Amino acid sequence: QVQLVESGGGLVQAGGSLRLSCAASGRTFSRSTMGWFRQAPGKDREFVAGITWGVTYTYYGDSVKGRFTISRDNAKNTVYLEMNSLKPEDTAAYYCAVLVSGTVSTGKYDYWGQGTQVTVSS
């Protein structure tokens, strides 16, 4: 079983920054491809960013490219999402998850965390 706990969300003004963390336990984290997703009220869940294990490659959704950066610290079993130049449309609940099959941006993810809320005011 895998447990994921997100943290770092909050209220920030447009143009500001936040760093989200996702702490993992119960699985070989260093061998897991991880992803960040977000879901705003009334909208579908959206892929935000993903990071592979081993030789790390990163992937981003089009709406966050150039503003968000995903990284991981295997020693701390944690994946991060650095969010800069935040916009009101970034407001959503943000979740991390483990890729279990398929490609990073479109594959099947499981072991979802409880989420952390990010609210960007204009």
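The structure under discussion appears in the preceding block.
The structure displayed is predicted, hence computed values, not measured ones.

**Examining the environment of V2**
Take V2: it is sitting in the segment before β1 (3-7). Sequence separation between V2 and F47 is 45 residues; the distance between their C-alpha atoms is 20 Å.

**Re the sheet that holds β1**
Across the sheet, which stays open at both edges, the four strands sit in the order β1-β3-β8-β7 with antiparallel pairing between neighbours. On the outer flanks of this sheet lie β1 and β7 (68-73), each paired with one strand and no other. In this sheet, adjacent strand axes meet at a mean angle of 15° when their direction is disregarded. Of the pairings in the sheet, the one linking β1 to strand β3 (residues 18-25) comprises five bridges and is antiparallel in character. Counterpart to L4 in the pairing with β3 is A24.

**Topic: unusual backbone geometry**
A positive phi angle, near 50°, is found at S85, a position not held by glycine. With respect to the helices, strands and loops of the structure, S85 is situated in the loop between β8 (78-83) and β9 (92-101). Given the relative accessible area of 41%, S85 is considered partly exposed. Positive phi is not limited to glycine here, since Y111 has a value of about 60°. Taking the relative accessible area as the measure of exposure, Y111 reaches 25% and is therefore partly exposed.

**Some remarks on the side chain of S32**
In this fold, S32 is placed in the loop between β3 and β4 (34-39). Assessed through its relative accessible area of 2%, S32 is described here as buried.

**Remarks on the state of the cysteines**
Summed over all chains, the structure comprises one disulfide. Between the sulfur atoms of C22 and its disulfide mate C96 the distance is 2.0 Å. Across the S-S bond linking C22 and C96, the dihedral sits near 65°, which makes this disulfide right-handed. You can see C22 sitting in strand β3 and its partner C96 sitting in strand β9, a full 74 residues away along the chain. Here the two residues C22 and C96 agree in accessibility, since each one is buried.

Cut-offs applied
Residues numbered from 1 in each chain as written. Predicted model: local features only at pLDDT ≥ 70, side-chain atom pairs only at ≥ 80, totals over all residues. Heavy atoms only, no water. Helix = DSSP H or I, 4+ residues; strand = E, 2+ residues; numbered from the N terminus. Pairing = 2+ DSSP bridges. Axes fitted to C-alpha atoms, helices over the stretch in contact; angles between N-to-C directions. Buried < 20%, exposed > 50% of the residue type's maximum accessible area, 1.4 Å probe, protein only. Disulfide = S-S within 2.5 Å.

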